[in-house]
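Residue-level structural notes
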Amino acid sequence: MTDLTKIPGIGKNMAGHLIAAGYPKIASLRGADPEEVYAKDCAAQGVRVDRCALYCYRLACYFADHGGHLPADKQNWWDWKD
């Protein structure tokens, strides 16, 4: 089992991507670089993944690094765009 779906915006599908990229739990995202997570996801899938996934990974890494807390103005994956 994984706890990744506790992260806002991470459902079963995105959790599967994270697991395949080597991040099976929230704790495994602590200290991770979202760009590296995205690159590993692309490598695991063998394609360039939509950048929306990167925005999800930015949120997920912040969530992991800050004890499950997100800034009030960054509650959704689209709040983490470039």
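Quick summary incoming for the structure in this document. Numbers given for residues are sequential positions, taken from 1 along each chain in its written order. Only residues with pLDDT of at least 70 are given local features in this predicted model, and only at 80 or more are side-chain atom pairs given and counted; all residues enter the totals for whole chains, interfaces and linings. As a convention, hydrogens and water are excluded, and side-chain values are obtained from all of the structure's heavy atoms.

1. Brief notes about the nonpolar core
Take the buried Ala, Val, Leu, Ile, Met, Phe, Trp, Tyr and Cys residues and link them wherever side-chain atoms come within 4.5 Å; each set so joined is a nonpolar core. Exposure categories follow from relative accessible area, calculated using a 1.4 Å probe and restricted to protein chains: below 20% of the type maximum is buried, above 50% is exposed, and the middle band is partly exposed. If you look at the biggest cluster of nonpolar residues, it comprises 27 residues, and the most contacted ones within it are L4, I7, I10, L18, L29, V37 and Y57. When residues of this core are traced back to their parent elements, those giving at least two are α1 (12-20), α2 (34-45) and α3 (52-65). Whether two residues touch is decided by their heavy atoms; if any such pair falls within 4.5 Å, the residues are in contact. The residues touching L4, leaving out its near neighbours within four places in the chain, are I10, A15, L18, I19, Y23, P24, K25, I26 and L29. To qualify as a helix, a DSSP run of H or I must reach at least 4 residues; to qualify as a strand, a run of E must reach at least 2; elements of each kind are numbered from the N terminus.

2. A look at the environment of W77
Tracing the backbone shows W77 in the segment after α3. When its relative accessible area of 28% is taken as the criterion, W77 is described as partly exposed. The spatial distance from the C-alpha of W77 to the C-alpha of C52 is 7.8 Å, given a sequence separation of 25 residues. When residues no more than four places from it in sequence are discounted, the contact partners of W77 are C52, Y55, C56 and L59.

3. A short note on α2
A helix is expected to span 1.5 Å multiplied by its residue count minus one. Relative to the 16 Å expected for twelve residues at 1.5 Å per residue, α2 spans 16 Å between its end C-alpha atoms, a close match to the ideal helical length. The complete set of buried residues in α2 reads P34, V37, Y38, D41 and C42. The buried residues of α2 all sit within an arc of 140 degrees when viewed along its axis, so they share a single face. With a side-chain oxygen positioned 3.0 Å from the backbone nitrogen of E35, the residue opening α2 is D33. After α2 finishes, the residue G46 shows a positive phi value of roughly 75 degrees. Note that the arc is computed from the directions linking the helix axis to the C-beta atoms. The definition of a polar contact used here is a pair of N or O atoms within 3.5 Å, where within protein one atom must be able to donate a hydrogen and the other to accept one, and adjacent residues in sequence count solely through side-chain atom pairs.

Spatial relationships are all this shows, so hold off on functional conclusions.
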